[in-house]
Amino acid sequence: MPFSQPTSAARQYLGWLLAVLLPLLCLAGCVSRMPRSPATDRAVAAAPSPTPPVATFTPVPTPSPTFTPTSTPIPTPTATLSPTPTPSLTRSWTYDNLAEHADGRYTLQLSGARVVATFATSRSPVQHWAREILHPLFTVPEPFRPPYPVLRTAVGTPVHVDGTPDPDHPEPRRFLLRVEPDGTVRYVDDDLVEGVGYLAYALDTVWGTTPAANDHAVLQILDAHWFGKTVLSAHPPPVQREIPAHQDNRRWQPARMVGSYVTLDAAGRVTVLGSPEHGTVGERLPVELGELHHLQELNLPGRSAPPFYDVRGQLLEELENGLTPELARQLYVDGFVGEIPPQLGQLPRLRHLDLSYNYLSGTIPLEPGHWRALESLDVSSNLLTGALPDALGQLRSLRSLNFHNNGFSGPLPPTWGQLANLTELTLTHNPLSGSLPPEWDQLQQLQRLDLRDNQLTGPLPPEWAQLRQLQSVILRDNQLTGPLPPEWAQLQQLQRLDLWSNQLTGPLPPEWAQLRQLQGMHLDNNQLTGPLPPEWAQLQQLQRLNLRDNQLTGCLPATWRELGLAMEATWRDLGLAMELLRFCDP
């Protein structure tokens with residue numbers, strides 16, 4: 001069929017359409033070739049996309065690719081985390097002393113939950129501020145305030161009003177400074193400020209501000225039921241009272257600390273806790289202590305050694321019969337009673353534990369794996385009984401051990417020879433029995449060993465000659481037998497040797513002349529025999545030698561004249577017959 005020509009109307013319509021579309025197509029091509037500015041890109045990206053028309057079609061299924069995992073995993077980028085910085089603030093300012101415009105100055109530095117503070121002044125009328133001025137010295141700013149009252153002992157030098165030293169009162173004076181939770185700082189009015197005029201002082205101290213939630217809850221329980229108000233403080237505890245000479249016939253000396261104390265780390269966790277004054281006497285040791293998982297030092301000694309406290313853990317009957325019931329009861333309950341809570345054995349960071357001078361009974365709740373960081377343990381003067389725990393031999397960090405004045409019985413554990421860092425061991429006044437373990441020759445750092453007043457038997461181990469750091473050995477008041485081992489001459493650091501009141505036999509070893517550092521030797525009340533060794537004249541450091549109540553014979557060696565005046569006052573302690581107290585003829 002031949003192609004028909006368009007009509008005039010159709011031609012007119014096509015021309016109009018081409019006139020409109022051609023310019024638009026040219027413009028679109030030009031725009032697509034032009035670079036776009038970032039602003040244009042952002043505008044295009046932000047513009048809503050037109051909704052395309054929905055087409056109805058049947059999708060053609062596409063086969064899914066199959067991935068075989070390789071043996072080398074694809075590395076995943078690891079984010080590098082920067083440590084969170086510890087909040088730190090510093091504030092310095094002055095405080096009025098009412099001392100001719102001689103202001104004091106304080107500096108506070110907050111790091112985490114710990115505040116380092118300095119209070120200093122060239123002169124301050126301490127007694128006047130403590131007793132007559134009602135408003136505080138100054139107020140600690142908000143971020144630096146402690147949650148508990150903080151007591152501090154400051155030491156000041158007496159000065160004149162112009163700040164020059166006071167020659168009529170050269171002795172330093174102590175006084176107490178208190179920081180309240182509301183930030184107010186005051187001197188404490190007590191007998192310490194009596195007669196105190198102008199003092200110049202500089203006090204450096206620390207305290208905590210924000211205990212961690214768990215530890216704060218434990219402190220609240222302890223405050224409410226055991227210790228009274230806890231004092232957040234530094235270690236060692238800086239708050240001490242003085243006992244005047246007229247009360248105890250001695251000079252003024254630090255006697256007791258005021259209140260309980262606790263030290264926080266930068267995260268607000270309790271690391272040190274102590275209570276030299278128990279708020280309630282006769283209480284059991286709080287089990288909540290086991291919740292302080294970052295505790296490193298726990299010091300809960302009793303107020304003092306009970307004056308009528310028998311070695312075996314009971315009041316002496318003859319004294320108790322002469323006491324009123326009220327006084328006897330007071331003597332007995334002056335401290336913690338009951339058993340040591342097993343929860344204390346679950347403190348992994350505990351380094352120092354002091355429970356001395358209480359009325360704790362039972363055994364030490366130590367299981368293998370507990371107290372691995374422990375460095376010192378003091379449970380002296382309690383009512384503890386049972387055998388010495390073998391598990392202590394696993395505490396390789398232990399440096400000091402004090403079981404004095406308890407009721408421990410049984411033998412000395414050979415496993416304690418594994419305490420390679422032990423420097424002090426005190427087991428005095430216990431009914432311990434058995435022999436001295438030769439295995440203790442591994443205690444290479446041991447310096448002081450005190451086993452007096454027990455029921456130990458057997459010989460002195462020659463193996464102990466390996467204890468080259470030993471400075472003091474006290475084995476008096478036991479039932480030891482056998483000779484004095486010549487091998488002990490290797491104890492070159494030994495300064496004191498006390499074997500008094502045993503059943504030792506045999507001669508005095510001439511080899512002991514090598515103990516050149518020896519200052520005191522007590523061998524009295526034994527069964528030693530034979531002459532005095534002339535070689536002992538080499539003991540030039542010897543100041544005290546006691547040989548009385550033995551079976552020694554002979555005369556004084558002529559070489560002993562070389563000991564000179566150091567021995568002159570102790571000839572009476574040699575215990576020889578009067579006719580033998582003469583020097584042998586050369």
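Our structure's up above, just so we're on the same page.
Only a predicted model underlies this, so the values are computations on that prediction, with no experimental measurement involved.

**A word on the sheet that holds strand E27 (residues 479–482)**
Neighbouring strands of a sheet are bound in pairs by backbone hydrogen bonds; such pairs are parallel or else antiparallel.
Consideration 1: Read across the open sheet, the 6 strands follow the order E23-E25-E27-E29-E31-E33; overall the sheet is parallel. Strands with a single pairing partner mark the edges of an open sheet, and in this sheet they are strand E23 (433–434) and strand E33 (551–552).
Consideration 2: Summarising the sheet, strand E25 (residues 455–458) and E27 pair through 2 bridges and their orientation is parallel. By the bridge assignment for E27, Thr457 is matched with Gln479.

**Some words on a negative patch on the surface**
Consideration 1: A cluster of acidic residues, Glu439, Glu463, Glu487, Glu511 and Glu535, forms a negative patch on the protein surface.
Consideration 2: Mapped onto the secondary structure, Glu487 falls in the loop between E27 and strand E28 (496–498).
Consideration 3: Look at Glu487 and you get partly exposed, because its relative accessible area is 35%.

**A short note on the sheet that holds strand E2 (residues 104–111)**
Consideration 1: Read across the sheet, 8 strands follow the order E1-E2-E3-E8-E5-E6-E7-E4 without closing on themselves; strand pairing throughout is antiparallel. Of all the strands in the sheet, just strand E1 (88–95) and strand E4 (138–139) have a single pairing partner and so form its edges.
Consideration 2: Note that E4 and strand E7 (residues 184–187) share 2 bridges and pair antiparallel. Of the residues in E7, the one forming a bridge with Phe138 is Val185.

**Notes on the packing of aromatic side chains**
Consideration 1: In total, this model carries 11 aromatic pairs according to the counting rule given.
Consideration 2: Taking 4.5 Å as the distance between ring centres and 5° as the angle between the ring planes, the aromatic pair formed by Tyr106 and Phe138 counts as stacked. Here Phe138 lies in strand E4 and Tyr106 lies in strand E2, a separation of 32 residues in the sequence.
Consideration 3: Residues Phe175 and Tyr201 carry aromatic rings whose centres are separated by 5.2 Å and whose planes lie at 70° to one another, so their mutual orientation is edge-to-face. In this pair, Phe175 sits in strand E6 (residues 173–179) while Tyr201 sits in strand E8 (residues 198–208), placing the two residues 26 residues apart along the sequence. Across the pair, exposure class does not vary: Phe175 and Tyr201 are buried alike.
Consideration 4: Joined through ring pairs, the aromatic side chains of Phe403, Phe408, Trp416, Trp440, Trp464 and Trp488 make up one cluster.

**Quick look at the environment of Val159**
Consideration 1: Its location among the elements puts Val159 in strand E5 (residues 150–159).
Consideration 2: A relative accessible area of 9% means that Val159 is categorised as buried.
Consideration 3: In this view, Val159 contacts Ser122, Arg123, Thr164, Pro165, Asp166, Tyr198, Leu199 and Ala200; residues no more than four positions away in its chain are not counted.

**Topic: the environment of Val116**
Consideration 1: Here Val116 shows up in strand E3 (residues 114–125).
Consideration 2: With a relative accessible area of 40%, Val116 lands in the partly exposed category.
Consideration 3: Distance from Val116 to Phe144, taken between C-alpha atoms, is 9.2 Å for residues 28 residues apart in sequence.
Consideration 4: Setting aside residues no more than four positions away along its own chain, Val116 makes contact with Thr107, Leu108, Gln109, Thr205 and Val206.

**Some remarks on the pattern of salt bridges**
Consideration 1: On inspection of all chains with the given rule, the structure shows 12 salt bridges.
Consideration 2: Between Arg145 and Glu142 there is a salt bridge, and its shortest N-O distance comes to 3.2 Å.
Consideration 3: Arg145 gets classed as partly exposed once you look at its relative accessible area, which sits at 24%.
Consideration 4: By relative accessible area, which is 58% here, Glu142 ends up exposed.
Consideration 5: Across the pair Arg476 and Asp477 runs a salt bridge, and its minimum N-O distance is 3.8 Å.
Consideration 6: According to the relative accessible area criterion, Asp477 is partly exposed, its value standing at 28%.
Consideration 7: By sharing partners, the salt bridges in this structure join Arg476, Asp477, Arg496 and Asp498 into a single network.

The rules behind each value
Residues numbered from 1 in each chain as written. Predicted model: local features only at pLDDT ≥ 70, side-chain atom pairs only at ≥ 80, totals over all residues. Heavy atoms only, no water. Pairing = 2+ DSSP bridges. Helix = DSSP H or I, 4+ residues; strand = E, 2+ residues; numbered from the N terminus. Patch = residues over 30% accessible without salt bridge, like charges linked within 9 Å, V, L, I, M, F, W, Y side chains within 5 Å. Areas by Shrake-Rupley, 256 points an atom, 1.4 Å probe, with all protein chains shown as cover. Salt bridge = Lys/Arg side-chain N within 4 Å of Asp/Glu carboxyl O. Lys, Arg positive; Asp, Glu negative; His and termini not counted. Charge placed at Lys NZ, Arg CZ, Asp CG, Glu CD. Buried < 20%, exposed > 50% of the residue type's maximum accessible area, 1.4 Å probe, protein only. Phe/Tyr/Trp six-rings, centres within 6.5 Å; stacked < 30°, edge-to-face > 60°. Contact = heavy atoms within 4.5 Å.

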